[in-house]
4 protein chains.
Amino acid sequence: MKIGIIGATGYGGAELVRIFKYHPHVDECILYSSSGEGQSYSQSYPHLTTITDQTLKAIDPAAIVQETDAVFLATPAGVSSELTPKLMNQGVPIIDLSGDLRIQDGATYEAWYKRRAADEASVQQAVYGLSELNRDKIQQAEVIANPGCFPTAVLLGLAPLMKQNLIDESMIIIDAKTGVSGAGRSASLGTHFSELNDNFKIYKVNEHQHTPEIEQILREWNPQTANVTFSTHLVPMTRGIMATMYTQLKSDVTKEELMKQMKGFYEDSYFVRVREHGVYPQTKEVYGSNFCDIGFHLDERTGRLTIVSVIDNLMKGAAGQAVQNFNIIKGLHEEAGLTMTPLYP
Amino acid sequence: MKIGIIGATGYGGAELVRIFKYHPHVDECILYSSSGEGQSYSQSYPHLTTITDQTLKAIDPAAIVQETDAVFLATPAGVSSELTPKLMNQGVPIIDLSGDLRIQDGATYEAWYKRRAADEASVQQAVYGLSELNRDKIQQAEVIANPGCFPTAVLLGLAPLMKQNLIDESMIIIDAKTGVSGAGRSASLGTHFSELNDNFKIYKVNEHQHTPEIEQILREWNPQTANVTFSTHLVPMTRGIMATMYTQLKSDVTKEELMKQMKGFYEDSYFVRVREHGVYPQTKEVYGSNFCDIGFHLDERTGRLTIVSVIDNLMKGAAGQAVQNFNIIKGLHEEAGLTMTPLYP
Amino acid sequence: MKIGIIGATGYGGAELVRIFKYHPHVDECILYSSSGEGQSYSQSYPHLTTITDQTLKAIDPAAIVQETDAVFLATPAGVSSELTPKLMNQGVPIIDLSGDLRIQDGATYEAWYKRRAADEASVQQAVYGLSELNRDKIQQAEVIANPGCFPTAVLLGLAPLMKQNLIDESMIIIDAKTGVSGAGRSASLGTHFSELNDNFKIYKVNEHQHTPEIEQILREWNPQTANVTFSTHLVPMTRGIMATMYTQLKSDVTKEELMKQMKGFYEDSYFVRVREHGVYPQTKEVYGSNFCDIGFHLDERTGRLTIVSVIDNLMKGAAGQAVQNFNIIKGLHEEAGLTMTPLYP
Amino acid sequence: MKIGIIGATGYGGAELVRIFKYHPHVDECILYSSSGEGQSYSQSYPHLTTITDQTLKAIDPAAIVQETDAVFLATPAGVSSELTPKLMNQGVPIIDLSGDLRIQDGATYEAWYKRRAADEASVQQAVYGLSELNRDKIQQAEVIANPGCFPTAVLLGLAPLMKQNLIDESMIIIDAKTGVSGAGRSASLGTHFSELNDNFKIYKVNEHQHTPEIEQILREWNPQTANVTFSTHLVPMTRGIMATMYTQLKSDVTKEELMKQMKGFYEDSYFVRVREHGVYPQTKEVYGSNFCDIGFHLDERTGRLTIVSVIDNLMKGAAGQAVQNFNIIKGLHEEAGLTMTPLYP
């Protein structure tokens, strides 16, 4: 198959290219870029010298649906809103890595993203691509709103116990940390090495755009879910997300029971690895891979439950999950092209 | 004056040496070490070549109280318990950077530290050295239990509003992050560069030894304080601590009122800098200095108050605060030797 | 096929495990360790949780040659000297990642490694495993002395022009830099995060054990080669080697000619990528991959030629090259299992 | 005294502010900026919150010479060329941290810097500010061309032996490495954290603008000095420079003799610390300080001499040396304000 990547010059695009090099069912990636048209892709990404000799093509929706079997949008906010309607409904699945189509309510989108929402038709058609939790709908989908990086780690961590109604929906506190590649390739003081090295910062407190996304999905599981507390921090590392989540249980449950729920829930999900009670995953343990590792601790002294979830923000947090959804849509083995072992050290 | 540093070869000891080089009232540091006796100090710390030509001396309590005007213990757990009784009550103030004398209740100490507690006499005499909050007692003290690094950041962040009884004492959730120097100079897999670089890990969830210390002080302010939730994370950086604290307010207070309380509380405390609402400090902004910077956010959507506190773990989290306490005891200007500007970048 | 890895708990061993997960012709890695016998491998390396459920087996040479089709020694210095004689000549190829069998002359080995050399029989039989330069001999070999990380980068960089006798053999100056994983997984002050972070150090000046190895091979190409100047530096990064080499040309050659030589020499070597004149590779561009990228600059102002060669020390500098040699010995496609795209960012 | 800093918003400017906070003879820094006029300085540099409440002033040469006792230009290339003539000859010493006034020959400057050279009058009047080597001229100077960071490390390393004519001037090979702060505060792909972290790159081979500066000074000592080979590398760290220099001796000299020369040469220079033969300095050992540490190795196997020199690029490589020159000009103690101990770890 041939797949197309729009916005190939961003980190998400580069990661898709890396994954597809190994994908058993994809022979070619066609790369589209507005800014880079006509340029050699390995000019942007010299690590791909001799691996790919592609030239970036202009974004022509009509041509794209003709020459590809699936399209990935690894574009900045606002682009998918514009392009999806032109690509939709022509038999070519569209997987959008941006946030444009994730938020059901347009007003909510605009309040948080401070830009015009996509049109309702696109949003309605878009299926939320949290692979492990939405397989059935993804299978039938033609448009996928690929989840945000933080929501992926958060929702996979909370799903087993929230769906079992074990977690007190009035108190969900999320302290999230990410590596810098999550900010993309644009240069700014905020991604400057000398400003970030040997530095730890909190950058969004209760105002991150991923907040409504997290709440929207939590409310699909439990409509009573209160607004969450969600803060994000920047770690001086390239890849990785850890979400440390503080919750309360609704009733007395032993840690053995919790373990049983969590492991059972992900029994058939190759990519989600639940650790033993008190064993916590590190971001490096999933580096460069599509795994999401989860650990937890039930504290007798307070009754609170701390859940720790780690992913690689470019893989399970973006490109990896996008390919996982592509595999589901195309009826392929869900792990196709995604079985790379984490890079260690 | 002459001061003595026992355990000079650890990072805390090295930081004390750095501070005292600039201290207007101290002419000499005498360095004591059990493991390093007879060695040249700059052999351990080549950055001090030509700056100091000291030889490490054996730990002889009788000699130490003779030849120094104050003694700092920058020693591992268990050493101060043994040495303090031999140094005490001879007119020479003792400032202990370890946790040996901080916990009032011996059984609590033993439960958390998994070792025998110091004798009651030492613990009773030891005054908790959180400078900004305990000046009066410190002034009269002969033995100082210098606070732990995390507790310093946490307690300075919570003090203004907890002491005003504005914070709901039943819910205090602390998500703390530290640079690696907090683990000391011992080599282990847990401090190995190849294991930590580009990695983020959570290492203690609800079991850090600083938990009883935090709770003990919070209960001095509000005896009703429930057990806290406290997790610690390791950041791939050398210095710095950020404590992100999640709390609930007891009643409706505006952010302007909170700001007034917080700034007012630290009006006369040179080292604590409270930021404007929504402006958050970064660990690099206090790097190598004795400052503690605090920011906060009152969230309308949830009513929760997030407080962010940063320090340099070796300075305000250890050596800097120790010298600040020394200054108070000796009736010196509190900032003597501690006015170094943070290193940036 | 089944392959055995002795010394599986080191970084070289872990990297072999990662590569073989993707190798089309290897179904199983059997892992042997003296220190870790009986332990679960994923206990040492949690990133492999659910990926492998191997238990480490004791090192029993007789059993090993029975149950494997090839053996890799990813062991510290001195172990291969002892084991290879017991594994040799039983039809099972042995690939030694250590330096034990690389140096032809026992006295030279002992002078530089400060330990007893392997017996002559093993050393004689061992073929130097610089894949691109020694394919024919490797094909016939039963014992491979896998090259050191620095020598790999250095020799691949120098080979085209030295073999053409274009380089003045009296002046070869090598300034090499490496990431910390090259030092292995043992904890010491020299690999301590707080000591290495934000630090750059030179650690061996004209005394690195790779010096005789480099000189031995250079003299195979040109017996007149003088002793080289070789210094090694430690970079605060996990993986990567850059060798910056300063040479003089014997006669006037244009940079176009040099480019022609270099590109021509590696025409059929998939893993060696020669860049355009004045375009220099970065270590990140080969991260996690088996590539060796080379750049160079001919300076008109001095007549000197600077050659820059980069590799990933764990891949092309160790495990990757070992598997490449394995592929050659077994008559497989040389790139089998080694086509992973570099990880970027 | 009051000093003025033009271009205060760059890292060089911020470092001058940090130094002057501790300077016994300077009470005030007045900060000038073209881009930041009217802004609060701590807006650019929050680490200075409460430490300075300065507002940046416009660059008005007439006002500047009125209200300051010395002026520092911490400006990008080209600004000093324009401003110095307007500030000169009015009794106020000018210390230029840029390269504008360092190169005696205008044509050379233009060839390497690719911009118009400063006018001859300014260049003639400018004294090269390599403090330890040019004290007498600096004392009488009114305009100082503060040396580049790399040249400082290189020239201090080579001076003792070159001035004794012990080094073969036909072969000087310099392999230099720097932390990222040397590139300044501007954001670009070249200073982007995700591009630089865990990466090592060579960025200028035989074309760095510091080449003519190094050659100009070397030729003051030995007019026969051939063109040097000079390459620069970027290390994933914030501060620090190491220059590893490869040279040949003109005659047989023992390492003891070399040590004697080197130590003797810097006997009265507090900031230059020469190490024992075979003991090499690390960049962290001078971090945040004005020291330059030097080590060397005389190789019997090749007769070559490797000299290693480290500095902090923002201190001895820029602001620290600028203040050292200021002290010399004003007849103050040369170390005033510069005795801060290196920050470790």
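Rules and cut-offs
- Residues numbered from 1 in each chain as written.
- Chains lettered and ligands numbered in written order.
- Predicted model: local features only at pLDDT ≥ 70, side-chain atom pairs only at ≥ 80, totals over all residues.
- Heavy atoms only, no water.
- Pairing = 2+ DSSP bridges.
- Helix = DSSP H or I, 4+ residues; strand = E, 2+ residues; numbered from the N terminus.
- Axes fitted to C-alpha atoms, helices over the stretch in contact; angles between N-to-C directions.
- Core = buried A, V, L, I, M, F, W, Y, C linked by side-chain atoms within 4.5 Å.
- Buried < 20%, exposed > 50% of the residue type's maximum accessible area, 1.4 Å probe, protein only.
- Contact = heavy atoms within 4.5 Å.
- Arc of directions from axis to C-beta.
- Salt bridge = Lys/Arg side-chain N within 4 Å of Asp/Glu carboxyl O.
- Buried area = accessible area lost by both parts, 1.4 Å probe.
- Polar contact = N/O pair within 3.5 Å; in protein donor to acceptor, adjacent residues only side chain to side chain.
- Phe/Tyr/Trp six-rings, centres within 6.5 Å; stacked < 30°, edge-to-face > 60°.
- Lys NZ or Arg CZ within 6 Å of the ring centre and 35° of its normal.
- UniProt positions renumbered as here; feature names shortened; annotations may be inferred.
- Least-squares fit on C-alpha atoms with pLDDT ≥ 70 in both.

Tell me about the sheet that holds strand E3 (residues 70-73) of chain D, residues and numbers included.
Residues and elements named next belong to chain D. What the 6 strands build is an open sheet, ordered E2-E1-E3-E4-E6-E5; its pairing is parallel. The two strands at the open ends of the sheet, each matched to only one other strand, are strand E2 (28-32) and strand E5 (126-128). If you compare each strand with its neighbour and ignore which way they point, the axes differ by 25° on average. Of the strand pairs in this sheet, strand E1 (residues 2-6) and E2 are connected by 5 bridges, and their pairing is parallel. In the strand pairing of E2, Ile6 is matched with Tyr32.

Please set out the nonpolar core residue by residue, giving values where relevant.
Counting 204 residues, the largest nonpolar core has A:Leu16, B:Leu16, C:Leu16, C:Phe72 and D:Leu16 as its most contacted members. Not counting chain neighbours up to four residues away, the residues in contact with D:Leu16 comprise D:Ile5, D:Phe72, D:Ala74, D:Leu97, D:Ala319, D:Ala322 and D:Val323.

Go over helix H11 (residues 255-265) of chain A, please, and point to the residues and values.
All names here are of chain A. Residues of H11 that are buried include every one of Leu258, Met259 and Met262, and no others. What you see down the axis of H11 is that its buried residues fit within an arc of 100°, all on one side. For H11, the exposed residues lying more than 90 degrees away from the buried face are Glu256 and Lys260. Buried residues along H11 sit in contact with helix H8 (149-163), strand E10 (241-249), strand E11 (272-274), strand E12 (292-298) and strand E13 (304-311).

Give a description of the pattern of salt bridges that names residues and reports values.
Scanning the model with the defined rule gives 76 salt bridges over all chains in all. Measuring nitrogen to oxygen at the nearest pair gives 2.6 Å for the salt bridge that ties A:Glu169 to A:Lys250. A residue pair is termed long-range when its members are at least 10 positions apart, and A:Glu169 in strand E7 (residues 167-178) and A:Lys250 in the loop between E10 and H11 qualify at 81 residues. Taking relative accessible area as the criterion, A:Glu169 reaches 13% and is therefore assigned buried. Among the ionic pairs, C:Glu285 bridges to C:Arg275, the shortest N-O distance being 2.9 Å. Here C:Glu285, found in the loop between strand E11 (272-274) and strand E12 (292-298), pairs with C:Arg275, found in the loop between E11 and E12; they are 10 residues apart in sequence, far enough to count as distant. No difference in accessibility class separates C:Glu285 from C:Arg275, as the two residues are buried. Each member of the salt-bridge network shares a partner with another, and the members are A:Glu15, A:Arg18, A:Arg239 and A:Asp312.

With reference to specific residues and values, describe the interface of chain B and chain C.
Taken together, the contacts link 19 residues of chain B with 19 residues of chain C. Buried area between chain B and chain C, summed over both chains or domains, comes out near 1600 Å², and the portion from carbon and sulfur atoms is 56%. Put simply, chain B and chain C have 2 salt bridges between them. When the shortest N-O distance is used, the salt bridge between B:Arg185 and C:Glu195 registers 2.8 Å. The tally of links from chain B across to chain C stands at 16 residue pairs in polar contact (both at pLDDT 80 or more).

If you had to explain the packing of aromatic side chains to someone new, which residues and values would you point to?
Counting across every chain of the model gives 50 aromatic pairs over all chains. Here the aromatic rings of C:Tyr270 and C:Phe271 are separated by 5.1 Å at their centres, their planes lie at 80°, and the arrangement is edge-to-face. Ring geometry for C:Tyr270 and C:Phe291: centres 5.4 Å apart, planes at 45°, overall tilted. Of this pair, C:Tyr270 sits in the loop between helix H11 (255-265) and E11 while C:Phe291 sits in the loop between E11 and E12, and the two are 21 residues apart along the sequence. Members of the aromatic cluster, connected to one another through ring pairs, are A:Phe20, A:Phe72 and A:Phe326. The ring of D:Tyr45 has D:Arg185 lying over it, and the distance from NZ or CZ to the ring centre is 4.2 Å.

Now, about the UniProt feature "active site" (unreviewed entry) in chain A: what can you tell me, with residues and values included?
Residue and element names in this part refer to chain A. Taking the UniProt record as the reference, the feature "active site" (unreviewed entry) is found at Cys149. By the element assignment, Cys149 lies in helix H8. On the accessibility criterion, Cys149 (14% relative accessible area) is buried. With residues near it in sequence (within four places) discarded, Cys149 still touches His210, Ile241, Ile311, Asn313 and Gly317.

Quick rundown of helix H7 (residues 131-140) of chain B? Include the residues and the values.
Along an α-helix, a turn takes 3.6 residues, which lines up residues three or four apart on a common side. All names here are of chain B. Among all positions in H7, only Ser131, Glu132, Leu133, Asn134 and Ile138 are buried. Around the axis of H7, the buried residues are gathered within 150° of arc, so they sit on the same side. Looking at H7, the residues exposed on the side facing more than 90 degrees away from the buried face are Asp136 and Gln140.

Break down the interface of chain A and chain B for me, citing the residues and quoting the values.
With 47 residues of chain A in contact, the opposing surface of chain B contributes 47 residues. Carbon and sulfur atoms supply 51% of the area buried between chain A and chain B, which totals about 4100 Å² over both sides. Of all residues in chain A, A:Asp198, A:Phe200 and A:Arg301 bury the most surface against chain B, accounting for 18% of the area lost on that side. Counting across the interface, chain A meets chain B through 4 salt bridges. When the shortest N-O distance is used, the salt bridge between B:Asp175 and A:Lys177 registers 3.0 Å. Across the chain A-chain B interface, the total number found is 36 residue pairs in polar contact (both at pLDDT 80 or more).

Outline the pairing of strand E7 (residues 167-178) of chain D, supporting the account with residue identities and numerical values.
Residue and element names in this part refer to chain D. Of all the 12 residues making up E7, 10 are buried; the element is thus mostly covered by neighbouring parts of the structure. Sheet analysis places E7 next to strand E10 (residues 241-249), joined by 8 bridges and oriented antiparallel. Across the sheet, Ile172 pairs through a bridge with Thr247, a residue of E10. Alignment of E7 against strand E9 (residues 229-234), held across 6 bridges, turns out to be parallel. In the sheet register, Ile174 faces E9, and the bridge partner there is Phe230.

Go over the relation of the copies chain B and chain C with me, naming the residues and quoting the values.
In this structure, two copies of a chain are linked by a rotation about an axis accompanied by a shift along it. Aligned on chain C, chain B shows an RMSD of 0.0 Å; the corresponding rotation is 180° and the shift along the axis is 0.0 Å. Taken together, the turn and the small shift mark the pair as related by a two-fold rotation axis. For chain B, the minimum C-alpha distance to the rotation axis belongs to B:Phe193 and amounts to 2.1 Å. When the interface residues of chain B are mapped onto chain C, 100% of them again lie at the interface, so the same face is used by both copies.

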